[in-house]
Amino acid sequence: MIRPEGEIEYPPSEFTHMKASMLARMEALNTSTDNLMCIIARRLGAEENEDHCQVEELTAQQDQLIKNMRRLARA
């Protein structure tokens with residue numbers, strides 16, 4: 001988004017910096033949520049096909065995504 005010159009602060013205020021950080025974390029959480037849903041869907045498909053190796057791999061990816069999402073939520 002391009003901001004009008006009157007809205008640009010340099011150096012940015014602490015509030016602007018905090019707001020930008022919050023928006024970046026929210027975007028990262030949203031992306032992680034989308035990725036998690038994709039991994040869960042793939043894992044369920046692997047479970048139906050009884051592909052135990054892929055189920056284990058996807059479960060590990062799911063656990064890592066959840067761990068990252070918790071870290072982002074705490075930040």
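Predicted model, so just to flag it, every value in this text is computed and none were measured.

(A) Just the overall build of the chain, in detail. For the chain, the helix and strand inventory stands at 2 helices and 0 strands. Taking 11 Å as the expected radius of gyration for a compact globule of 75 residues, we find that the chain reaches 19 Å, considerably beyond that expectation. Dimensions of the chain, computed from C-alpha atoms along their principal axes, come out at roughly 60 × 25 × 10 Å. Across the 75 residues in the chain, those meeting the buried criterion constitute 15%. Counted over contacts in the chain with a minimum sequence separation of 6, partners at least 24 positions apart contribute 50%. If you sum the accessible surface of the chain, you get close to 6,300 Å²; carbon and sulfur atoms cover 56% of it. Computed over 9 positive and 13 negative side-chain charges, the inter-centroid distance for the chain is 7 Å.

(B) Unusual backbone geometry, seen in detail. With a phi close to 55 degrees, Glu 50 is a non-glycine residue in the positive phi region. Using a relative accessible area of 60% as the deciding quantity, one classes Glu 50 as exposed.

(C) Main features of the pattern of salt bridges. Under the defined criterion, the tally for this structure stands at 1 salt bridge. A salt bridge links Glu 47 to Arg 43, with the shortest nitrogen-to-oxygen separation between them at 3.2 Å. With Glu 47 and Arg 43 both in helix H1 (residues 14-48), this residue pair falls 4 residues apart, about one helical turn. Residue class for Glu 47 comes out partly exposed when judged on its relative accessible area of 38%. For Arg 43, a relative accessible area of 16% puts it in the buried group.

Scoring rules and cut-offs
- Residues numbered from 1 in each chain as written.
- Predicted model: local features only at pLDDT ≥ 70, side-chain atom pairs only at ≥ 80, totals over all residues.
- Heavy atoms only, no water.
- Helix = DSSP H or I, 4+ residues; strand = E, 2+ residues; numbered from the N terminus.
- Rg over C-alpha atoms; globule rule 2.2 N^0.38 Å.
- Buried < 20%, exposed > 50% of the residue type's maximum accessible area, 1.4 Å probe, protein only.
- Contact = heavy atoms within 4.5 Å.
- Areas by Shrake-Rupley, 256 points an atom, 1.4 Å probe, with all protein chains shown as cover.
- Lys, Arg positive; Asp, Glu negative; His and termini not counted.
- Charge placed at Lys NZ, Arg CZ, Asp CG, Glu CD.
- Salt bridge = Lys/Arg side-chain N within 4 Å of Asp/Glu carboxyl O.

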